[in-house]
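Single-letter residue listing:
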Amino acid sequence: FEKNQRKMQQMRKKFFQFISGFFGGPALYDSNNIKPAHYHMNITDYHFDALLDVFQASLLELGVHPDATKDAIAACGKIRKDVTTGCTVRMELAAKNMEKGKDGLFKRMGGEEGIAQFMDRVYDLIQVDNRIKSWFSGKNYQAIKEGQRVYLTELLGGPKIYKGKDLVEIHKGMGLSDYEFDCFLGNCEKAMSGLGIEDETIDEAIVSMEPVRNALMNRAQGLAAHSKMVDGQSIMERFGGEMNVESVVEMMYSGCLGDPRVRFYFEVNKDKIQGIKHKMTQLMVGAFGGPVTYDDSKMRQIHYNMNITDYHFDAVLENFWCAAELMEISNAVISDAVEVLGKVRQMVTAGCTVRLEIARKKCESQGTDGLYESLGGQQGLQTFIDKLYETLAVDERIKHYFSGSKVDAIKKSQGDYLAVMFGAPIQYDGRPLDRIHTVMSISDFEFDAFLACCATALRAVGADATNVDECVVLLETARRDVLINRRPHDVKKTQEAASAKSVYERLGGEMGVTNMVETMYNQALEDTRIRSFFEKNKAKVTTIKKKMAQFMGGIFGGPVTYDTNDLRPMHYGMNVSDYHFDAILDIIRGVLKESGAKPKDITDALLILQPVRADVTTGFTVRMEMARKNVEKGKDQMFKRLGGSEGITTLMDQFFNIGTTDVRIKEFLLKDKDRIKAGMTVYIVEMLGGPKAYKGKELGELHQNLGVNDYHFDAFLADFGRALLGAGHQDALIDEVMVSLEPVRADVLGRSRDVTDAAVMKDGKPLIERYGGDMNLETVVESMYDKLVEDPRVRYHFEKAKAKQRQIRRKMYQYLSGAF
C-alpha cells in the first residue's frame, strides 16, 4: 500500500468503486479486473487476512453495527481467491520444482558468481530504498552483504559453506517486521528481474527465502505459532480446555454433514469419521495453544486432490463458529479461534486452487480442441458418457436423477452438452441449463457428487490427471445454472437439530417409552372411541404392548427392533380411521403431559407419530373410498346383491343371533328384542337402498338416554360385518354396507355431522377466539403459505400464478375459520 501520492489516490478510488458495487450500491468497478490486477503481486492469505482485520477495525471504529460488519467481512471473503490465486499458483509450482532439489535453481541463478552479482544488485537497491536503508547505516555494510551472500548461496542450492551465527541470534532485538522483510524481498525480485532471470526461477528463489521470515522476526513456527494470548491466557484456556474443543468438533462435524455446501467432503465411511474428528481436535488444540500432537506438514498433501475451495473452507469455519456459539463460547474467543484456523486455509485449498487455475489458463490459452482430441474425440466422449451413466446409476446420492423412462433422453441431451463443453465440433440444441434445472432444487452436495462421478468415469476411460482437472474446471462453470434454486443454508438450525437429544432420550429411554405405552393402552381400554381395537385376551394384549413399545422406541430415535414394513399390512383390514388415529394421539398427548414431559417434547413426539397415520389408516381409507364411489352410483345394486328386503331381513336375524350374545351391546338389544329388531330391520332396509318405509322417531331421540357411545357403535358394526360375512357376501359389498351405515353414528350418538363441530372448546371459547380472531388467522395463513412455497416437500403443490395463490389463500382461510 505504500505508493506515491498519485498511485495511492487511484487505489483509494478503485477501492471505493469496488466496495460500492460489491455491497449493493452503484456498480462502478469491473470485478473481472480483480484477478489479473493482483496476479503478480505476491499477495498471500496472510496479507488478505491482515486487510480484512484492518477493514473490520475501521468499520467498528466508525460505529457500524456489528452484524453489518460481520456481513461485510464475509462478503469481502468471497474475493479472496481472485486476489491470492496468482501468488498461490506461482509459489506452489515453484515449491513443486524445489521438491526435486535445488541444484537446478542454483545453476539457473548463475552459480556462485551469479548469486554474487545478484547480491551486488540487491544492495545497490537497498542503498537508495528509504524504507529500509536506515537498518544498515552505521554497520559494516560489506560484512553484512558478504554474510548474506554466503548464506543465500547455500539456501539457493549451492555448497554448504555458511559458518555464521544463527539468524534468530543475529536479528534478536532488532524489531524487524513483515514490512521490512517484504521490502527486502521486493528488492530481491527487482534485482533478479534486472539481471534477466526468468520469472519461474524468481518464484523459486522467493519461495526458498520465504521461510527465513519467521526466523528474522523471532516468531514461533508450526501450529502453536498462531495462538493468541489475551490477559496471559491462550485461546485453549479461554475456550474451556480440550473437552470443549472436542465437543465443538463433534457438533461442527454433525453440522457439516447437514450442510449441502460441504456435506460431500464429510460424508465418508463410518470407520473413518472418528479418525477425522480426532485429527481435527488435535489440530485445533495445538493451534489454540494446547499440546501440539498433530503433524501439519502433511496437511497440504492430504488435501491436494480434494477440490476444496475457499467457498468450502469458509462454510466449515461458519459451522465451527455456530458450534462454538451453541457451546456458549464468547464471540471474542470464537473470533480469535477462527482467525487462527484461517492460517491453515492455504494448506487445505492450495491444491485445488493450483490445479484448477492451471487447467483454466490452459483452456483459455489453447481452447478446448486439444482436450477433445485428448479424450479420444467423439468415440472417446461417448465411451466416457456410457461409463458416467454406469457410475451414476449406482451412486446412492444422485441416482434418482438418472433413472426412469426418460433416462435415455437425458443421457443423449447431457452427452451433447458435455461434448460441446469439452470441445466437440457439434452443436447443442437443448434447453438452457437454468431452465432445465429450475424446478429441481439441486444442492451443492449433489453437484459435487456429480463432479466426482465425472472424474471417476474420466479416469476409468484412461484420461490423465491434467485432462480430468480441465474437465472439472469446465464443469464447474455450470454450477450456478444447475443450482439455480440454491437456497441459503441455516447452519444454526441444522446444528441445533443435529445436537439435540432424540425424543427417545427426552422421554426417558426404554423405560419411559414402555411406561407411556402401558398407560396409553390402559386408557385406550377405557376410551369408548377406540376401546374396540384394544380389547383383546391377555396374551394378545402383552404382545401388542411389546410391539408398540418397540415401534415407538425406534421412530423416537432409540434402537430399531420393529420392522416398520409390517405396519401397513397389519392394519389394512382393521377399519382404523383418522378419527380413531386422532383419538390415539389425544391419549398419548394426555399420558405424556401427566408424566411431566415438556411441551416441546410432547409436540415433537406427536409430530413424529403423525406420518404413521398413512400406514395405519390407508387400508380403511382406500376400501371405504372405493365403496363410497360405488354407493354414489346408487344403492339399487347393493340392495339387490344383499337379496332385497328378504335378504336383509335374514341378515338381521343373523345379526341379532350374534348381537344378543355380545356382552358389549346385548343389554341394548334384549330389552324389547322383537320391537327393536322390527324397527331396525325397516330402517336398515331403507338405509341400504330398499323402500322408504321407516316411520319411527329420529335416531337421536330414540338413543338419547341410552348411554350409547363409539365403543357400542363399533361393536354393532363389527357384529353386522360378521353377519354379512356369515351370509357369504364378498368383502367389496361388506365395505359398501359399512360406508352406508357409518353416517348413522353421528345420529345415534347425538353428534352433528357439520365440520364446525370439530372446533375444540376450552373455557367456553372456540379455537378461533383463542387464536385471536379472524385477523390473526388471516396473518397465520399468509405466513404459512409463504413457507409452503419455500418448502421443497410441498412447494410443487403451492407454486402457482399470483392470482391462483390469492384464491388458494382465501379458501384456506375460509375453511380454517369455519373449522375453528
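Quick caveat, the model's predicted, so the values are computed rather than measured.

Colleague: What is the right way to read a positive patch on the surface from this model?
Modeller: Residues K3, K7, K14 and K190 make up a contiguous surface patch of positive charge. Considering the arrangement of structural elements, one finds K190 in helix α10 (residues 178–194). Overall, the relative accessible area of 54% leaves K190 in the exposed class.

Colleague: I tried to follow the side chain of D395 on my own but got confused; where do I start?
Modeller: Along the chain, the position of D395 falls in the loop between α22 (377–393) and α23 (407–421). The class of D395 is buried, set by a relative accessible area of 10%.

Colleague: Before we go on, may I ask you to explain the environment of I410 in this structure?
Modeller: Within the fold, I410 resides in helix α23. Taking relative accessible area as the criterion, I410 reaches 33% and is therefore assigned partly exposed. Setting aside residues no more than four positions away along its own chain, I410 makes contact with Y389 and Y401.

Colleague: Looking at this structure, I do not really get the pattern of salt bridges. What am I missing?
Modeller: Pairing is possible between side chains that carry opposite charge, provided their charged atoms lie close to one another. Inspection of the entire model under this criterion finds 54 salt bridges. Here R213 and D178 are joined by a salt bridge, their closest N and O atoms 2.8 Å apart. In this pair, R213 sits in helix α12 (residues 212–216) while D178 sits in helix α10, placing the two residues 35 residues apart along the sequence. Look at R213 and you get buried, because its relative accessible area is 6%. Accessibility expressed as a relative area gives 15% for D178, which makes it buried. A salt bridge links E782 to R809, with the nearest nitrogen and oxygen atoms 3.2 Å apart. Residue E782 is found in helix α46 (residues 774–790), and its partner R809 is found in helix α48 (residues 802–819); the two are separated by 27 residues along the sequence. Residue E782 is classed as partly exposed on the basis of its relative accessible area of 36%.

Colleague: What is the right way to read the packing of aromatic side chains from this model?
Modeller: Describing an aromatic ring pair means giving the distance of the ring centres and the angle of the ring planes. Applying the stated rule across the entire model yields 27 aromatic pairs. Look at F18 and Y29: their rings are 6.0 Å apart centre to centre, the planes differ by 85°, and that puts the pair in the edge-to-face class. Here Y29 lies in the loop between α1 (5–22) and α2 (34–38) and F18 lies in helix α1, a separation of 11 residues in the sequence. On the basis of relative accessibility, which here comes to 23%, the residue Y29 falls in the partly exposed class.

Colleague: Would you explain the side chain of R261 in this entry?
Modeller: Its location among the elements puts R261 in the loop between α14 (242–257) and α15 (263–266). The exposure class assigned to R261 is buried, which follows from its relative accessible area of 14%. One polar contact links R261 to D259, side chain to side chain, over a distance of 2.7 Å. At a separation of 3.0 Å, a polar atom in the side chain of R261 contacts the side chain of E318. Apart from residues no more than four positions distant in its own chain, R261 is found in contact with Y311, H312, A315, E318, N319, D444, D448, H489 and V491.

Colleague: Where do I start with unusual backbone geometry in this structure?
Modeller: Most peptide bonds adopt trans geometry, and most residues besides glycine take a negative phi value. A positive phi angle is found at N42, which is not glycine, with a value near 55°. Topologically, N42 is positioned in the loop between α2 and α3 (45–61). Phi angles above zero are rare outside glycine, and D231 is one such case at about 50°. Here D231 is to be found in the loop between α12 and α13 (235–239).

Rules and cut-offs
- Residues numbered from 1 in each chain as written.
- Predicted model: local features only at pLDDT ≥ 70, side-chain atom pairs only at ≥ 80, totals over all residues.
- Heavy atoms only, no water.
- Patch = residues over 30% accessible without salt bridge, like charges linked within 9 Å, V, L, I, M, F, W, Y side chains within 5 Å.
- Areas by Shrake-Rupley, 256 points an atom, 1.4 Å probe, with all protein chains shown as cover.
- Salt bridge = Lys/Arg side-chain N within 4 Å of Asp/Glu carboxyl O.
- Lys, Arg positive; Asp, Glu negative; His and termini not counted.
- Charge placed at Lys NZ, Arg CZ, Asp CG, Glu CD.
- Helix = DSSP H or I, 4+ residues; strand = E, 2+ residues; numbered from the N terminus.
- Buried < 20%, exposed > 50% of the residue type's maximum accessible area, 1.4 Å probe, protein only.
- Contact = heavy atoms within 4.5 Å.
- Phe/Tyr/Trp six-rings, centres within 6.5 Å; stacked < 30°, edge-to-face > 60°.
- Polar contact = N/O pair within 3.5 Å; in protein donor to acceptor, adjacent residues only side chain to side chain.

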